[in-house]
Amino acid sequence: MSTLKYFIKNIDKITDLTMEHIELISLAMCFALIIWISIGILIRNHNKLANGLLGVASIIMSIPSISIYGILVTIPGFGLSRLSAVFALVLYAMLPIMRNVYLALNEVDESIIEAARGMGMKKNQILWKIQLPLAFPIIFAGVRVALVMMVGIATLAVYIGERNLGRLIQQGITRTHMDMVLTGGLLVAILAIVVDGVMALIQKKLISPGLHLDS
Amino acid sequence: KDSELPAIKVSSKAWTEQLTLGSMTLQYLEAKGYEVEDRTGLGETPMLRPAIQSGEIDLYWEYTGTTLMVNMKSDVVTDSKECYEMVKKWDAETNNITWLDPANANNTYILMVREDFAKEKNLATVSELADYIKAGNEIRLGAGIEFVERPDGIKGLETLYDFKFDRDLLSSMAIGITYEALKNGQVDVAMGFGTDGRIISMNFNVLEDNLKFFPVYNPAPIVRSEILEQYPDLESDLNKLPALLTGEVLQELNRRVDVDGLEPEEAAEEFLRANGLID
Amino acid sequence: MNEIINILLYDAPELVLQHLIIVTIALTSAIFLAVPLGVLLTREKLKPYSNKIIAILNTAQGVPSLAVIAIFLKFLGIGYFPSIVALCLYGLLPIAQNTIAGISNIDPDILESAKGIGLSKNKVLIDVELPLAFPVIIAGIQTSAVLIVGTAAIAQLIGAGGLGKLIFTGISQFRPELTIIGAILSALMAIVFDRGLGSINKRIEKKYK
Amino acid sequence: MIKIEGVSKYYKGMDRPAVSKLDLEIKEGEICVFVGPSGCGKTTTMKMINRIIEPTNGIISIDGKNILEFDADELRLGIGYVIQKVGLFPHYTVFENIAVVPKLKGWKEDKVMSRVRELLDVVDLDPDENMYKYPNQLSGGQKQRVGVARAMAANPSVMLMDEPFGAVDPITRNQLQNEFLALQKKVKMTICFVTHDIDEAIKMGDKIAIMNNGKLVQYDTPENILFSPINEFVEEFVGSDRALKVLNLLRVSSIMEAYMPTIRYGSDSSQINEFYNNSNFAIVLNDDNKLQGYIDINRIVEKKNVEKWCDYIRTYDICLGIDSTLKDAMVAMLENDMKTIPVLDDEKKYIGVVNFDMIKSHVGREYETTIE
Amino acid sequence: MIKIEGVSKYYKGMDRPAVSKLDLEIKEGEICVFVGPSGCGKTTTMKMINRIIEPTNGIISIDGKNILEFDADELRLGIGYVIQKVGLFPHYTVFENIAVVPKLKGWKEDKVMSRVRELLDVVDLDPDENMYKYPNQLSGGQKQRVGVARAMAANPSVMLMDEPFGAVDPITRNQLQNEFLALQKKVKMTICFVTHDIDEAIKMGDKIAIMNNGKLVQYDTPENILFSPINEFVEEFVGSDRALKVLNLLRVSSIMEAYMPTIRYGSDSSQINEFYNNSNFAIVLNDDNKLQGYIDINRIVEKKNVEKWCDYIRTYDICLGIDSTLKDAMVAMLENDMKTIPVLDDEKKYIGVVNFDMIKSHVGREYETTIE
Ligand SMILES: Nc1ncnc2c1ncn2[C@@H]1O[C@H](COP(=O)(O)OP(=O)(O)OP(=O)(O)O)[C@@H](O)[C@H]1O
Ligand SMILES: Nc1ncnc2c1ncn2[C@@H]1O[C@H](COP(=O)(O)OP(=O)(O)OP(=O)(O)O)[C@@H](O)[C@H]1O
Ligand SMILES: [Mg+2]
Ligand SMILES: [Mg+2]
């Protein structure tokens, strides 16, 4: 109850923090999509390279996010800037997005690609018209995972000066102000769910009905 | 005043007193008609220092002892005035940063115990605590991480008072959690800050630093000198604040936030209004 | 350099041990909670609710680790116990989800022939469903382990110690070497868990895949 | 004995029943083949017998006892089940797969082992070579064999086999069918066998149950199904060449006649003259009734060389055994351009001949008596 | 025309070639069926023709031009390809699937649309009902039809079809085969057709290429394959009843004889007496050669009722058309217990009869001339 009171009382500040949160994530997501999808596509036929990159990605994934921020902030040129926060988030998106692009492209039924080849489609046409659309559900699943993860990890970016919902949690902790912590935590959770829900809607719209009929 | 000039980027550390001071400065300057930008709660000293030196922020409240110990790596100075002059001179010369007037409050580290515990074990000073521990009693200490690591933290204290906390019984945790832990009886002695509002409301006794180990931590606004040149009135305007901030005032401000549940902004606004600095 | 060696020699072992203890206990309890939960949710009677329960767990997963730990502080105070509870909850979802996925992805023909042969429901679960779902369940445990190892760093904030101590000290003191050492050790631990569990899986899978 | 009385099955969300008012009795030791187009309810029927699916209405009983009175798992332990898609346990070796039920029944280890070896021999897989392979290491046909072996492991008296030979190439399939029939001759299980291939049904079934849209359309012996399909659906289903399919079911022993005159090798020429008035041909036999060949009496008489008639004996290129089918007989006639083919018994003794007229009138007669 | 010269294919890591020194020529407009046991190299051969796989050795040319001289994608655009596992694009509708190649070739939209409709009609799928379905909404057989339609979309002159009717039930399969043969009669594509079913091969092929272990064992017309298998492998592969299979290939028109005496309906009784000396039976015809029935002359003469002979005419229950196969003839004889069956032309005019002796000696003769 007191949490609700706190929420209502500080609605303006909270709205600001939420917007900042969304802004950070959107920015990071844009870069992540461009970078990791392209790389995923580029490495699709180079298994060794892919395995190497996936190894790197999973190592990055296993580094506690707070320490990535901590390290980035000491690197000249990154510092307390938003660049550090975005960079860290983009790094974390590497595994789910790049891996899913790579796997999904390679998992497209061999016989379908053979049919496409047999029909005279060029490599590029096969990539764009067949492989990517068919890989899309899996790629999208990866993007969703990355996005939800980002929503959570972004909260830790307050330790390097970002202002977002994580601030409610961090300050709530130092001030032992539980309503703040709860408000922050719940809002982040809700944001994660909403973002995921929106993505699910987009996914439904974008994916050929021929693909989700079997699920 | 002159819209050509850049906004003043006001920052602070990320805990109650700092947030309140930061917000107070912001609101005050804004009321005075300055163009300001809110960068409060940016981080701890290790982050704010480089930020103000590189011009990423323009102004925040720093404690004399902090600069002396952390940045100048000097020995402990327990005299307020001496300490202030040292850091002011150093910053002006090496970093082109100006220390404005200090407030007459000392937000130094303190060691706290629960009132009943103090009575029961008869503890009033750090020396008594040291003796108590040396007598073989087990004491659980809760402290923020930096207190464990900093030279003006545990290690120095132990050296001066000639005792040792049992490291197995030491928990480091987020600043602020120490109060909760002490209240809930999960630790026996907790590190705190001298001006924290919870000391009174949670019925803690502060152990007197009878050998004067802890340096003085007088808060004062520090500003990039360049900004002061651009805004000639800024120094005199800002110096009105430290004059009003005694230890009691700060502690009350902190209490309003940490105990009464006000937002730092609200507490700051209340203060400014009460003192007629804004309308 | 000397300092780094000092940290590695004197501080790190204890912190690693603390970290390891938190993670192991949290992970083990997560496994013992999540696998039965997943199994239950694939049983005929509960199947209809499995989506809802997973949705709830999903929500819980959306709460940032920092907040989870802070919230548990409220109820359970500071130290090991609340951290472990929080981390364990945090690790439930991937395991439960994979248990469900692993079991429901088993070829229905295999289940039918198991039933048709006369295996009782329990026998089918133990002799057929769990072994066949094992690789997927292990994959869930791997995810969970990595997640818990990484998140455990934050447990430091409520006094549980562990490698988070190095990391946070590094951050608050502006000593990146500490952060890096903490990060590397934590990452190493995550990788060891991941590979270790993975190799168990490989050994079993190799037999019949 | 399996008895199905008034059994129907409505699946949820389907507007018409998958199986509708089925009545059927399968005798002890018989193979009943369910056949019909895809989706007609064959698999559903089968699964109701071992209670994988519960019928909506009706009663199924085995050996006079309602299957609902059994504990479901116990019931299934006693019924061999070969699933449509094999369904081997991928994490078990061939040995472990086959041993599941015997182990559940608590057999001793060496008994299990010898049973597995025996079964692998039965389905023509080398035990030593295959016992410790995993299903993934087997070809489709080998998997199906293991599936059959697994179902038979604990000597069930009832077997349910859902398209057990579906996934194999025609040659292997034929081989598996023959092996299985030979085995069934020995062990006499009561078998429900599902297929959608009418030829397989004719070959395997003692009785054939033709289903369509969940209903039993005709339930009869293969002969009767072929000779007198009950309606157009069955007629179309068995195919326009059912007259030829029938040939596969009938054995020469049942139509063969011994009307051809015979003459003993080396007997004197007066016998030839005697024949000359009645017939042109004679079958020449040894003293112990072994076939020597045939003789064209016209030619000898023309050549005025009756004394040496034995020099004019011609041998047969091909003979039929007593178990040969009429189809074998036809093939022999066509390939060798022969009108009549002799039939020998198991000891190679002559017992008669078949010719096209005999086949034709036999098949035609059956049609006449059964049609209408 | 497709010419394969000395083509071999070694896959990496295999110790023996998947296809070994293949020489073969497929004439313009012919269907060449590749048949053989699983793994014999059929699919590999097919894929080398459209360069999905590059041969290790040898040359393949289409219409005299080495396929390596084409741009690979261009080459494939001109070759229809029906893949073994159908391989429809699941994210495209039926329409979009079929339209892929026409669109790649830059056809106008309305032309594409009308072509798709036309093709769906050809493969017997209602365009309106199915055009906007996704592959997941189709049954296995329907998918295969779409696969065939897709391959034919841009009027390729060459088609590669890898077990195109593999996944459908026998009834639908038969139907698809007939439709496809009817279509091929009109459009005359050059077709490589893979199957492992010898019956399908016999039915579909102008030529059959039997492969084993990567080698071409025999390449010939279906008749020659059946009559004179080159070795035991082929013999076993075509089956022991190949004499009966041959019947399916031969038409009554080729063996029918007009030797039976005919008599015109209503002609006077002196003609009957004339016949009486030579024959027992006569076919009775109308003035315009339409069949009236037959007459047993013995019976009339016996009954001393020659004047009224027309009252004794009996009608035939069954007749054959000129396109009927010998198998149809056999079935008719067996089902109706008839020795001879009349054959009529398209206008129902009588042109002759067939009987078992004719069939037998025709088949037997073929054997004699081709065997050895
Ligand atoms: N679990 C189910 N739920 C709903 N309908 C079902 C289910 N199983 C089968 N059906 C429907 O019941 C009917 C009969 O199915 P069944 O599997 O018995 O057919 P079948 O004769 O075995 O066919 P096939 O030859 O294809 O195996 C079909 O129309 C099928 O779609
Ligand atoms: N990509 C490949 N790499 C290695 N070996 C292969 C490959 N494709 C096929 N083979 C092998 O080459 C041989 C011929 O294969 P192919 O697919 O041409 O057989 P097929 O006659 O089409 O058989 P099926 O009837 O089973 O489709 C087989 O032994 C097969 O295992
Ligand atoms: Mg079925
Ligand atoms: Mg193939």
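Residues numbered from 1 in each chain as written. Chains lettered and ligands numbered in written order. Predicted model: local features only at pLDDT ≥ 70, side-chain atom pairs only at ≥ 80, totals over all residues. Heavy atoms only, no water.

## With respect to the overall build of chain D
Along its length, chain D carries 16 helices and 16 strands. A compact globule built from 372 residues should have a C-alpha radius of gyration of about 21 Å, whereas chain D, at 26 Å, is more than 25% larger. Taking the principal axes of its C-alpha atoms as reference, chain D extends roughly 85 × 55 × 35 Å. Going through the 372 residues of chain D one by one, you find that 55% of them count as buried. A separation threshold of at least 6 residues defines the contact pool for chain D, and within that pool the share at least 24 residues apart is 58%. Looking at chain D as shown, the accessible area adds up to about 16,700 Å², and 44% of this sits on carbon and sulfur atoms. For chain D, the separation between the mean place of its 45 positive charges and that of its 56 negative charges on side chains is 4 Å. (Helix = DSSP H or I, 4+ residues; strand = E, 2+ residues; numbered from the N terminus. Rg over C-alpha atoms; globule rule 2.2 N^0.38 Å. Buried < 20%, exposed > 50% of the residue type's maximum accessible area, 1.4 Å probe, protein only. Contact = heavy atoms within 4.5 Å. Areas by Shrake-Rupley, 256 points an atom, 1.4 Å probe, with all protein chains shown as cover. Lys, Arg positive; Asp, Glu negative; His and termini not counted. Charge placed at Lys NZ, Arg CZ, Asp CG, Glu CD.)

## Focus: the domain arrangement of chain D
When its domains are assigned, chain D resolves into domain 1 (2–239) and domain 2 (253–368). Placing the centre of domain 1 of chain D and that of domain 2 of chain D at their C-alpha centroids yields a distance of 44 Å. (Domains from an automatic or database assignment.)

## Thoughts on the arrangement of the chains
There is a clear gap between chain B and chain D: no contact, and 49 Å between their nearest C-alpha atoms. Over all C-alpha pairs, chain C and chain E never come within contact, reaching a minimum spacing of 19 Å.

## What about the relation of the copies chain E and chain D?
Expressed as a screw transformation, the operator carrying chain E onto chain D has a rotation angle of 180 degrees and an axial translation of 0.1 Å, and the superposed copies differ by an RMSD of 0.2 Å. Overall, the copies show the geometry of a two-fold rotation axis. Of the C-alpha atoms belonging to chain E, the one lying closest to the rotation axis is found on Phe356(E), 3.7 Å away. Both copies present the same face, since 96% of the interface residues in chain E are matched by interface residues at the equivalent positions in chain D. (Least-squares fit on C-alpha atoms with pLDDT ≥ 70 in both.)

## Focus on the site of ligand 2
Residues and elements named next belong to chain E. Residues in contact with ligand 2, as listed here, are Tyr11, Met14, Ala18, Ser38, Gly39, Cys40, Gly41, Lys42, Thr43, Thr44, Gln84 and Glu163. Take Gly41: an N or O atom from its main chain is 3.0 Å from an oxygen atom of ligand 2. Note that an oxygen atom of ligand 2 is positioned 2.5 Å from one of the side-chain N or O atoms of Thr43. Compared with its free state, where it exposes 630 Å², ligand 2 has 64% of that area covered by protein. (Near = heavy atom within 4 Å. Polar contact = N/O pair within 3.5 Å; in protein donor to acceptor, adjacent residues only side chain to side chain.)

## Some points on the interface of chain E and chain D
Listed by partner, the interface residues are 28 residues for chain E and 27 residues for chain D. For the pairing of chain E and chain D, the buried interface totals around 2,500 Å² over both sides, and the portion due to carbon and sulfur atoms is 71%. In this structure, the connection of chain E to chain D is made through four salt bridges. One salt bridge connects Lys339(D) with Asp357(E), and the closest N-O pair in it is separated by 3.5 Å. Applying the counting criterion to the chain E and chain D interface returns four residue pairs in polar contact (both at pLDDT 80 or more). Of all the secondary structure elements, the ones that give two or more residues to the side of chain E that touches chain D are helix H7 (170–187), helix H10 (232–238), helix H11 (242–249), helix H15 (326–336) and helix H16 (356–370) of chain E. In terms of residue count, H16(E) provides more of the side of chain E that touches chain D than any other element does, eight residues in total. The residue makeup of the side of chain E that touches chain D, split by class, is 15 nonpolar, four polar and nine charged. (Buried area = accessible area lost by both parts, 1.4 Å probe. Salt bridge = Lys/Arg side-chain N within 4 Å of Asp/Glu carboxyl O. Nonpolar A, V, L, I, M, F, W, Y, C, P; charged D, E, K, R; others polar.)

## Quick notes on the packing of aromatic side chains
Per the counting criterion, the structure on display carries 26 aromatic pairs over all chains. Look at Trp15(B) and Tyr63(B): their rings are 6.0 Å apart centre to centre, the planes differ by 10 degrees, and that puts the pair in the stacked class. Of this pair, Trp15(B) sits in the loop between strand E1 (8–11) and helix H1 (16–31) while Tyr63(B) sits in strand E3 (residues 59–63), and the two are 48 residues apart along the sequence. You'll find Trp15(B) and Tyr63(B) in the same group, each marked buried. By way of ring pairs, the aromatic residues Trp15(B), Tyr63(B), Tyr109(B), Phe147(B), Phe193(B), Phe213(B), Phe214(B) and Tyr217(B) are connected into one cluster. The ring of Tyr179(B) carries the charged tip of Arg198(B) above its face, separated from the ring centre by 4.1 Å. Residue placement shows Arg150(D) over the ring face of Phe89(D); its charged tip is 4.8 Å from the ring centre. (Phe/Tyr/Trp six-rings, centres within 6.5 Å; stacked < 30°, edge-to-face > 60°. Lys NZ or Arg CZ within 6 Å of the ring centre and 35° of its normal.)

## Considerations on the site of ligand 1
All names here are of chain D. Taken together, Tyr11, Met14, Ala18, Ser38, Gly39, Cys40, Gly41, Lys42, Thr43, Thr44, Gln84 and Glu163 are the residues near ligand 1. In the model, an oxygen atom of ligand 1 is placed 2.5 Å from a nitrogen or oxygen of the Thr43 side chain. Contact with the protein chains hides 64% of the accessible area of ligand 1, taken as 640 Å² for the molecule alone. For the shell around ligand 1, the class distribution of residues is four nonpolar, six polar and two charged.

## Comments concerning the pairing of strand E2 (residues 36–39) of chain B
Relative to E2(B), E1(B) is paired through four bridges, and the arrangement is parallel. Bridging from a neighbouring strand, Ser11(B) pairs with Arg39(B) of E2(B). (Pairing = 2+ DSSP bridges.)

## Considerations on unusual backbone geometry
Residues and elements named next belong to chain D. In this model, Lys21 sits at a positive phi of 40 degrees, which is unusual for a non-glycine residue. Of note, Lys21 is situated in strand E2 (residues 19–26). Residues other than glycine seldom take positive phi values, yet Asp124 does so here, at roughly 65 degrees. Positionally, Asp124 belongs in the loop between helix H4 (109–122) and helix H5 (127–130).

## What to know about the sheet that holds strand E13 (residues 291–296) of chain D
Residue and element names in this part refer to chain D. Strands sit in the order E11-E12-E13 across an open sheet of three strands; the sheet is mixed. Among the strands making up the open sheet, the edge pair consists of strand E11 (262–264) and E13. Taken pair by pair, the neighbouring strands of this sheet meet at an average axis angle of 35 degrees, ignoring direction. (Axes fitted to C-alpha atoms, helices over the stretch in contact; angles between N-to-C directions.)

## Side note on the nonpolar core
If you look at the biggest cluster of nonpolar residues, it comprises 230 residues, and the most contacted ones within it are Phe165(B) and Leu234(B). Broken down by element, this core gets its largest block of residues, 16 residues, from helix H5 (residues 82–107) of chain A. Excluding its chain neighbours within four sequence positions, the residues that come into contact with Leu234(B) are Ile8(B), Leu29(B), Tyr34(B), Val223(B), Ile227(B) and Leu228(B). By size, the runner-up hydrophobic cluster in this structure holds 196 residues, among which are Ile117(C), Met189(D), Met204(E) and Ala332(E). (Core = buried A, V, L, I, M, F, W, Y, C linked by side-chain atoms within 4.5 Å.)

## Focus on the interface of chain E and chain A
Listed by partner, the interface residues are 25 residues for chain E and 22 residues for chain A. At the boundary of chain E with chain A, total buried surface from both sides reaches about 2,100 Å², with 64% on carbon and sulfur atoms. Counting the surface chain E buries against chain A, the share from its top three residues, Phe89(E), His91(E) and Leu104(E), is 26%. At the boundary of chain E and chain A, one finds one salt bridge. The partner of Lys47(E) in a salt bridge is Glu114(A), and the shortest N-O contact between them spans 2.9 Å. Summed over the shared surface of chain E and chain A, the number is five residue pairs in polar contact (both at pLDDT 80 or more). At four residues, the largest contribution of residues to the side of chain E that touches chain A is made by helix H3 (residues 94–104) of chain E. Here the residues of the side of chain E that touches chain A sort into 13 nonpolar, six polar and six charged.

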